[in-house]
Amino acid sequence: MHISEAALRYFATLAEELHFGRAAERLHISSPSLSQQISRLERQSGRILFERSPRGVALTAAGEELLPLARSAVEAHAAVLAWAEGRGRPSRPLRVGIFASGAGAHTGRIFADVTRRRPGLRLEIVRLGFVDARPALAAGDVDVAFTIEPFLADGDYRALRIGSEDRVLVLRDDHPLARRDSVRIDETNDLGFVFASDATPAARELWLIDPRPDGSHPRVTGVSDDVPGLMDLCVAGIGANIAARSASTHYAREGLAYVDIVDIDPVDLLLVRRADPDHPDAQAFETIVREVTGAGEPGSAGR
């Protein structure tokens, strides 16, 4: 029995997209051709790999078992071709964009695992601002990026949810609310807030909770183009801020308090990349991130 690298690549792409049309577009083949290739692979392996229904496509248990093996085989094939062509590892590092605390508590382990499993891969860390992830990917300034929702993805960009974090109120430690263990969002309605200077309407809605449940709108009393600047404004008493919980350790500083907000949803932590990345190790990096965090398959649409 011979199973080709192309068949495994087609399988892995369909497993990521779970949609024949999108997968075929990525592979630059027709949907009927992709369907024929998958059916042939199922015959060769003697296993049904996908459940097909009018609602879409889903991996079977056999498909779930094959997926990590297929990815490893595709990556190994690419490495052999690179070696045969005398190219070895890419001449430039994999550029990893990081906004705020990146992947939260997973960040250190992700980089440790990448270093151990891809010893020839060089990494370059690029710090990102509030809305830098998509423009940085589009310009080729980064190959992958850790960011926090909202991230507007589409067929050209992929977003992998790698976890979530509760949110906290950040304010001066001499404010009366700073002595509390937790607050409700309506208890902050009278506060002024400091916020990102280049925020989108979606970011304002998510991070300022605008509008509030009672229909009111929070006052913005200061802006900054990065998170440390927002923390500076909070220390100065110019306003409060709503942040992911990891800010309490990543941006801890004297004069600030971080108070749990109990009645708003957590925010998603994301790894994002272009659907067709320029760097050959971008997909391998994503695979390691998925394994470290226990994340599911990436999607082509985000919030």
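This is a predicted model, so every value here is computed, not measured.

Any chance you could explain the overall build of the chain here in plain terms?
A count of helices and strands for the chain gives 10 helices and 13 strands. Burial statistics for the chain: of 303 residues in total, 48% are counted as buried. For the chain, the share of sequence-separated contacts (at least 6 apart) that also reach a separation of at least 24 residues comes to 73%. Counting only carbon and sulfur atoms, one obtains 51% of the accessible surface of the chain, whose full area is about 14800 Å². The averaged location of the 44 negative side-chain charges in the chain is 5 Å from the averaged location of its 36 positive side-chain charges.

Would you take a moment to explain the pattern of salt bridges for this structure?
Side chains that carry opposite charge are capable of pairing whenever their charged atoms lie near each other. Taken as a whole and judged by the stated rule, the model has 23 salt bridges. A salt bridge links Glu286 to Arg273; the shortest N-O distance between them is 2.6 Å. With Glu286 in helix H10 (residues 282–293) and Arg273 in strand E13 (residues 267–274), this pair connects stretches of sequence that are 13 residues apart. Taken individually, Glu286 and Arg273 each receive the classification buried, so the pair is uniform in this respect. A cluster of three or more residues bridged by salt bridges with shared partners is formed by Glu16, Glu17, Arg22, Arg71, Arg158, Arg273, Glu286 and Arg290.

Before we go on, may I ask you to explain helix H7 (residues 201–208) in this structure?
One turn of an α-helix holds 3.6 residues; hence residues three or four places apart share an orientation. Among the residues of H7, those classed as buried are Ala203, Leu206, Trp207 and Leu208. Down the axis of H7, the smallest arc covering the buried residues is 165 degrees, so these residues share one side. Away from its buried face, by an angle of more than 90 degrees, H7 presents the exposed residues Pro201 and Glu205. Tucked inside the fold, the buried residues of H7 contact strand E5 (144–148), strand E7 (167–172), strand E9 (192–196), strand E10 (219–224), strand E11 (241–244) and E13. Ile209 lies just past H7 and shows a positive phi near 55 degrees.

Is there a simple way to explain the nonpolar core in this structure?
A general tendency of soluble globular proteins is for nonpolar side chains to be buried together. Grouped together as the largest cluster of nonpolar side chains are 68 residues, with contacts concentrated most on Phe146, Ile162, Leu169, Trp207 and Phe285. Among the nonpolar cores identified, the runner-up in size contains 23 residues, and Ala7, Tyr10, Ala23 and Ile38 belong to it.

Any chance you could explain the sheet that holds strand E3 (residues 94–99) here in plain terms?
Note on sheets: strands pair through backbone hydrogen bonds, and any given pair is parallel or antiparallel. Taken in spatial order, the 5 strands of this open sheet run E4-E3-E5-E13-E6, and their pairing is mixed. Unpaired on one side and paired on the other, strand E4 (123–128) and strand E6 (157–165) mark the two borders of the sheet. The average angle at which neighbouring strand axes cross in this sheet is 20 degrees, direction not considered. When E3 meets E5, the two strands line up parallel, connected through 3 bridges. The residue bridging Gly97 from the neighbouring strand is Ala145, located in E5.

Would you mind showing me how to read unusual backbone geometry here?
Leaving glycine aside, a negative phi is the common case for residues, and trans is the common case for peptide bonds. Across the junction of Asp210 and Pro211, the peptide omega takes the value 10 degrees, indicating a cis bond. In this structure, Leu18 is a non-glycine residue whose phi angle is positive, near 55 degrees. Of note, Leu18 is situated in the loop between helix H1 (5–17) and helix H2 (20–27). A relative accessible area of 32% places Leu18 in the partly exposed class. Positive phi values are uncommon outside glycine, yet Ile209 reaches one of about 55 degrees.

Calculation rules
Residues numbered from 1 in each chain as written. Predicted model: local features only at pLDDT ≥ 70, side-chain atom pairs only at ≥ 80, totals over all residues. Heavy atoms only, no water. Helix = DSSP H or I, 4+ residues; strand = E, 2+ residues; numbered from the N terminus. Buried < 20%, exposed > 50% of the residue type's maximum accessible area, 1.4 Å probe, protein only. Contact = heavy atoms within 4.5 Å. Areas by Shrake-Rupley, 256 points an atom, 1.4 Å probe, with all protein chains shown as cover. Lys, Arg positive; Asp, Glu negative; His and termini not counted. Charge placed at Lys NZ, Arg CZ, Asp CG, Glu CD. Salt bridge = Lys/Arg side-chain N within 4 Å of Asp/Glu carboxyl O. Arc of directions from axis to C-beta. Core = buried A, V, L, I, M, F, W, Y, C linked by side-chain atoms within 4.5 Å. Pairing = 2+ DSSP bridges. Axes fitted to C-alpha atoms, helices over the stretch in contact; angles between N-to-C directions.

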